[in-house]
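The chain contents come next:
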Amino acid sequence: MPIDATLPYDDSNIFARILRGEIPAKTVYEDEHAFAFHDIQPQAPTHILVIPRGPYASWDDFSAKASEAEIAGFVRAVGKVARDHGLVEPGYRLLANTGGHGGQEVPHLHVHLFGGKALGPMLAR
Ligand code: AMP
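Everything numeric in this text was worked out from a predicted model, so none of it was measured. (Residues numbered from 1 in each chain as written. Predicted model: local features only at pLDDT ≥ 70, side-chain atom pairs only at ≥ 80, totals over all residues. Heavy atoms only, no water.)

Comments concerning the sheet that holds strand E2 (residues 34-38)
Two strands in a sheet stick together by hydrogen bonds in their backbones, pointing the same way (parallel) or opposite ways (antiparallel).
Stage number 1. Ordered in space as E1-E2-E3-E5-E4, the five strands form an open sheet in which the pairing is antiparallel. Looking at strand neighbours, the two that pair on one side only are strand E1 (27-30) and strand E4 (92-95), the edges of this open sheet. Each strand of the sheet is rotated relative to its neighbour by a mean of 20 degrees, with strand direction disregarded.
Stage number 2. As defined by bridge partners, E1 adjoins E2 across three bridges and the pair is classed as antiparallel. Bridging from a neighbouring strand, Tyr-29 pairs with Ala-36 of E2. (Pairing = 2+ DSSP bridges. Helix = DSSP H or I, 4+ residues; strand = E, 2+ residues; numbered from the N terminus. Axes fitted to C-alpha atoms, helices over the stretch in contact; angles between N-to-C directions.)

Next up, the structure:
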């Protein structure tokens, strides 16, 4: 069920619980601002989620409220994870589902990083 993007941050969401170490994740990278782990239901040979450590429900929330340091740190982390997984030369796709029409299911900002094969058209036709 897609989230209502107008609701305040809910710190019981599953990615907040992963950040607190309450449930496991297959971590691939972490630093002061970002945490990255394999998606539990991969939709490509490489399917990694990168999330900010801060309590931001969506891309909208993050882009409006995060500090310059958080935004820079998060963007740098996404790029580093892609480079570290050898995705730059073959290419990759980033996706941040946002709110109802975006199909966002988990109310903590996450960027999907897909790669490892040619990914085809951007949207299903
Ligand atoms: P979205 O539809 O953009 O909100 O995507 C949520 C993503 O989170 C989906 O691709 C799920 O497979 C993934 N997901 C849900 N729970 C977990 C979990 N515990 N560990 C890793 N990925 C998860």
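Some points on the environment of Arg-53
Stage number 1. Residue placement: Arg-53 occurs in the loop between strand E3 (46-52) and helix H2 (59-65).
Stage number 2. Among the residues examined, Arg-53 registers a relative accessible area of 32% and is labelled partly exposed.
Stage number 3. Once residues lying within four places of it in the same chain are set aside, the contact partners of Arg-53 are Leu-19, Glu-30, Asp-31, Glu-32, His-33, Ala-34, Phe-35 and His-108.
Stage number 4. A distance of 2.8 Å separates a polar atom in the side chain of Arg-53 from a polar atom in the side chain of Glu-30. (Buried < 20%, exposed > 50% of the residue type's maximum accessible area, 1.4 Å probe, protein only. Contact = heavy atoms within 4.5 Å. Polar contact = N/O pair within 3.5 Å; in protein donor to acceptor, adjacent residues only side chain to side chain.)

A closer look at the nonpolar core
Stage number 1. Core analysis: the largest hydrophobic core is formed by 17 residues, its most contacted members being Ala-36, Ile-48, Val-50, Phe-62, Phe-74, Val-81 and Leu-113.
Stage number 2. For this core, the element with the highest residue contribution is helix H3 (residues 68-84), accounting for five residues.
Stage number 3. Formed by seven residues, the second largest nonpolar core is a distinct cluster that contains Phe-15, Phe-37, Leu-49 and Val-106. (Core = buried A, V, L, I, M, F, W, Y, C linked by side-chain atoms within 4.5 Å.)

None of the figures reported here should be taken as evidence of function without further support.
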